[in-house]
Amino acid sequence: MPYASGKIPMKGDHVRKIRNGRGGIVTEVQLNTTSLQGHDRVSVVWDDGGVTIAVSTADEYELIKAADRKS
C-alpha cells in the first residue's frame, strides 16, 4: 500500500507523518511487504535528526516532495 496520496514510496522522498506532522526523508523502502499484509514499509530519518525505530507503513505518511527520479 503506497502513501496516503496513492504515490509509490521511493528512497529520498520528503514525507510528513499524518498523525503528528513530523517531517523527514525516506532512507529505505520495501514494497508489498508480506509480513505487513502487502503494505509498503518505509524507514525515515526525521528532519530533527531522529530515526524511526518501529516499522512504519507508507500509508502513515503524506508525500511532501518526491525524490529525483533518475533514469
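For the structure itself, look to the data block above.
Residues numbered from 1 in each chain as written. Predicted model: local features only at pLDDT ≥ 70, side-chain atom pairs only at ≥ 80, totals over all residues. Heavy atoms only, no water.

Here strand β1 (residues 14-17) runs beside strand β2 (residues 23-33); their pairing, made up of three bridges, is antiparallel. Each bridged residue has a counterpart across the sheet, and for H14 the counterpart in β2 is I25. Counted between consecutive antiparallel strands, the loop separating β1 from β2 contains five residues, among which G21 sits at a positive phi close to 75°. Alignment of β2 against strand β3 (residues 39-46), held across seven bridges, turns out to be antiparallel. Bridged to V26 within β3 is V44. (Pairing = 2+ DSSP bridges. Helix = DSSP H or I, 4+ residues; strand = E, 2+ residues; numbered from the N terminus.)

Looking now at the nonpolar core. One finds Y3, V15, V26, V42, V44, W46, A58 and Y61 forming the largest nonpolar core, which totals eight residues. Examining the composition of this core, we find that three residues originate from one element, β3, more than from any other. (Core = buried A, V, L, I, M, F, W, Y, C linked by side-chain atoms within 4.5 Å. Buried < 20%, exposed > 50% of the residue type's maximum accessible area, 1.4 Å probe, protein only.)

Moving on to the sheet that holds β1. In space, the five strands of this open sheet follow the order β4-β3-β2-β1-β5, with antiparallel pairing throughout. The outermost strands of the open sheet, each flanked by one partner alone, are β4 (56-57) and β5 (61-65). Relative to β5, β1 runs antiparallel, the two being bridged by four bridges. Each bridged residue has a counterpart across the sheet, and for V15 the counterpart in β5 is L63.

Within the secondary structure, N32 is located in strand β2. Accessibility expressed as a relative area gives 54% for N32, which makes it exposed. Separated by 30 residues in sequence, N32 and P2 place their C-alpha atoms 8.9 Å apart.

Inspection of every chain in the model, using the stated rule, returns four salt bridges. Where R22 meets D48, a salt bridge forms, and the shortest distance between an N and an O atom there is 3.0 Å. Of the two residues, R22 sits in the loop between β1 and β2 while D48 sits in the loop between β3 and β4, which places them 26 residues apart along the sequence. Residue R22 is classed as partly exposed on the basis of its relative accessible area of 32%. Note that E28 is salt-bridged to R41, the shortest N-O span being 3.5 Å. Residue E28 is located in strand β2, and its partner R41 is located in strand β3; the two are separated by 13 residues in the primary sequence. Since its relative accessible area comes to 34%, E28 is described here as partly exposed. You can call R41 buried: its relative accessible area is 18%. (Salt bridge = Lys/Arg side-chain N within 4 Å of Asp/Glu carboxyl O.)

By themselves, these observations are geometric and do not establish any function.
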